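If you want the building blocks of each chain, they are given just below.
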Amino acid sequence: MLEIFAGKNAFKTIQEQGFKQELFTNFLGASGGPKWFTLFGLDKYLFGDFFKNRSKPLNLIGSSAGAFRAAALCQKKPVEAIERLAYIYANTAYSKKPTPSEISTNAIEIVDTLFGEHGAAEVIDNKDFKAHFLVAQCNGLTSFDNQLLQGLGLLSSLVLNKIDRRLLIQQYQRYIFKQTSSDLSIDDPYHFKNTYCDLTENNIKAAVLASGSIPLIMSGVKHINGVKQSTYRDGGIIDYHFDFLLTQKNQTTEQGLTLYPHFTNTPKAGWFDKNSRRKVRSSSYDNTVLLAPSTKFINSLPFNKIPDRTDFTNMETIKRITYWESVLQETDRLAESFHELIHKQDISTIRALKL
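Model, not experiment: these values are computed from the prediction.

## Things to note about unusual backbone geometry
Argument step 1. Phi at S64 takes a positive value of approximately 55 degrees, unusual for a residue other than glycine.
Argument step 2. Secondary-structure assignment places S64 in the loop between β3 (58–63) and α3 (65–73).
Argument step 3. Looking at S64, the relative accessible area reads 7%, which means it is buried.
Argument step 4. For L216, which is not glycine, the phi dihedral falls at a positive 70 degrees.

The structure is reproduced here in structure tokens:
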């Protein structure tokens, strides 16, 4: 049901030391909208059991839906928080032709429900599970909410990205909203500018909202406390599935492996690479263990697929919610598969990650 892939260094480390939570110092959560429902069972197991008794910090790095997951998983009761997020996300309903304003208003409600009464403070104060939310700061035409102007800017992005991903630096910068004590550093081979900003009670909700603010679909977030006034959008624009190295600014801090539950074993770097042939650099994944649902598992789901944003327009609301809730329940099987691997330490099932 669950397929496990490991980069070159990660594969060697696990062969030598076995598969155990102490090996990991980073956890990745990708963009992808409701595709993350496929990982719901794994998230519950990983933070309700596997990582439960940590003796050293774990960095959680997320963009878009991955940022929402990180915000849940860094709370004191991570399983309850991720269940709360899944429920409100799955049961969100829109009008037949929702405006960006309507979708953004619903997203604000999701963020408020995700954090509840004390969740924001819990994430900010958590020095064991350190949250990092990735956000794209937009320049030029991409900064406008006017759909015609923004659309022209995005079309330009598509062309620039096709020529060379580095050219997107003209339009976007990466912002990392992080837990205060974090010394995590993103080493980007494409040289997007990184701006690090500490999470506070005055900016955490806006940062998470911005990380999930999909271009054209939602309004950009204009004001985030602690950073300059600008337009902030979905972190997946730059970091859809990630193509960078994670290092530590403090050289004495141990840098371990990265655990990456993902809905595919073929990650793409940025939003504009979704339909391109560009591959991520294998060196970016040398220390990564990627968990992904098998084709057999996906084919066993209703409609033989994982949820995605087109379900909002292709299905009636009740049908979509029933389908999504069914998927959420089925993902417990992936958690069971992972638990079996940990219990038996059958590392022969782990395959080399070929990118």
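Back to the text.
## Things to note about the packing of aromatic side chains
Argument step 1. Inspection of the entire model under this criterion finds 25 aromatic pairs.
Argument step 2. Ring geometry for Y260 and Y285: centres 6.3 Å apart, planes at 25 degrees, overall stacked. Placement of the pair is Y260 in strand β10 (residues 257–261) and Y285 in the loop between β10 and β11 (288–293), with a sequence separation of 25 residues.
Argument step 3. In this structure Y285 comes out as buried when scored by relative accessible area, which is 2%.
Argument step 4. The rings of F19, F24, F27, Y45, F47, F50, F51, F129 and F338 are connected pair by pair, giving a single aromatic cluster.
Argument step 5. If you follow R320 out to its NZ or CZ, it ends over the ring of W324, 4.6 Å from the centre.

Analysis parameters
- Residues numbered from 1 in each chain as written.
- Predicted model: local features only at pLDDT ≥ 70, side-chain atom pairs only at ≥ 80, totals over all residues.
- Heavy atoms only, no water.
- Helix = DSSP H or I, 4+ residues; strand = E, 2+ residues; numbered from the N terminus.
- Buried < 20%, exposed > 50% of the residue type's maximum accessible area, 1.4 Å probe, protein only.
- Phe/Tyr/Trp six-rings, centres within 6.5 Å; stacked < 30°, edge-to-face > 60°.
- Lys NZ or Arg CZ within 6 Å of the ring centre and 35° of its normal.

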